[in-house]
Amino acid sequence: MKFSPHIECDKEEIQTLFTQTFSASDGAAEGEQVGRLARRLMDDTEAEKVFGFVATERGNIIGCIFFTPLTFDSPINACLLSPVAVSTKHQSQGIGQQLIRFGIEQMGQQGVELIFTYGDPNYYSKVGFKPVSQQVARAPFELSYPEGWLGLSLAGAAMNRLPGRAGCVEAFDDPALW
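Residues numbered from 1 in each chain as written. Predicted model: local features only at pLDDT ≥ 70, side-chain atom pairs only at ≥ 80, totals over all residues. Heavy atoms only, no water.

Asks: Explain helix 3 (residues 95-109) to me, please; I cannot follow it from the model alone.
Replies: For helix 3, spanning 15 residues, the distance from its first C-alpha to its last is 21 Å, which sits close to the expected 21 Å at 1.5 Å a residue. Burial in helix 3 covers these residues: Ile95, Gly96, Gln97, Leu99, Ile100, Phe102, Gly103, Ile104 and Met107. Following helix 3 by one or two positions, Gly111 adopts a phi angle in the positive range, close to 90°. (Helix = DSSP H or I, 4+ residues; strand = E, 2+ residues; numbered from the N terminus. Expected span 1.5 Å × (residues − 1). Buried < 20%, exposed > 50% of the residue type's maximum accessible area, 1.4 Å probe, protein only.)

Here's what the structure looks like:
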């Protein structure tokens, strides 16, 4: 298995991966929504503001993650890890965790200090994410699942309160995603 940045010609395969993976776990409507989100990240977000990483096996993409900037009313270098998908045939093999660790390492090399995600605490805790209260770091929108707002300090220090509400890239600027 190989981990690498996504490239322009991967767009269709990545969108299909997200659509199929989320359709299988959460239904067709959710699959379509997340597939469109992944495509918007690749098509509509400035290249320097989206970092996509893929896991490939025998030339096929079997996993993908995206990182995009989060801004607060302080000069912190933070990003959002979302969405994440591993093909259904390759789940429960640790591929997602390996891909996330690879992405975290890459983002650390870019000077990122804090990474946030919104998902299953049991899954993301395996790669070091911890719950974050809205008093410490406010998500871009009201959360339908507050327990899923998680953070990781790449410095290993406790996360200090971040002033203001997080700002996100346009693809995530939709309360329905939160």
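Still to come is the rest of the account.
Asks: Honestly, helix 2 (residues 28-44) in this entry has me stumped. Any pointers?
Replies: Side chains that are three or four residues apart share a direction in an α-helix, a result of its 3.6 residues per turn. Across its 17 residues, helix 2 extends 23 Å between first and last C-alpha, which sits within 8% of the 24 Å expected from 1.5 Å per residue. Every buried residue belonging to helix 2 is among Gly31, Val34, Gly35, Leu37, Ala38, Arg39, Leu41 and Met42, and all of these are buried. Packing partners of the buried residues in helix 2 comprise helix 1 (11-26), strand 3 (60-72) and strand 4 (74-86). (Contact = heavy atoms within 4.5 Å.)

Asks: When you look at the sheet that holds strand 2 (residues 51-57) in this model, what are you seeing that I'm missing?
Replies: Paired through backbone hydrogen bonds, the strands of a sheet run either parallel or antiparallel to each other. Here seven strands make up an open sheet; going across it, the order is 1-2-3-4-5-7-6 and the pairing mixed. Pairing within the sheet leaves two strands with one partner each, and these edge strands are strand 1 (2-5) and strand 6 (130-131). Two strands pair when backbone bridges link them, and strand 4 and strand 5 (residues 114-118) are joined in this way by four bridges, in the parallel orientation. Across the sheet, Ala78 pairs through a bridge with Leu114, a residue of strand 5. (Pairing = 2+ DSSP bridges.)

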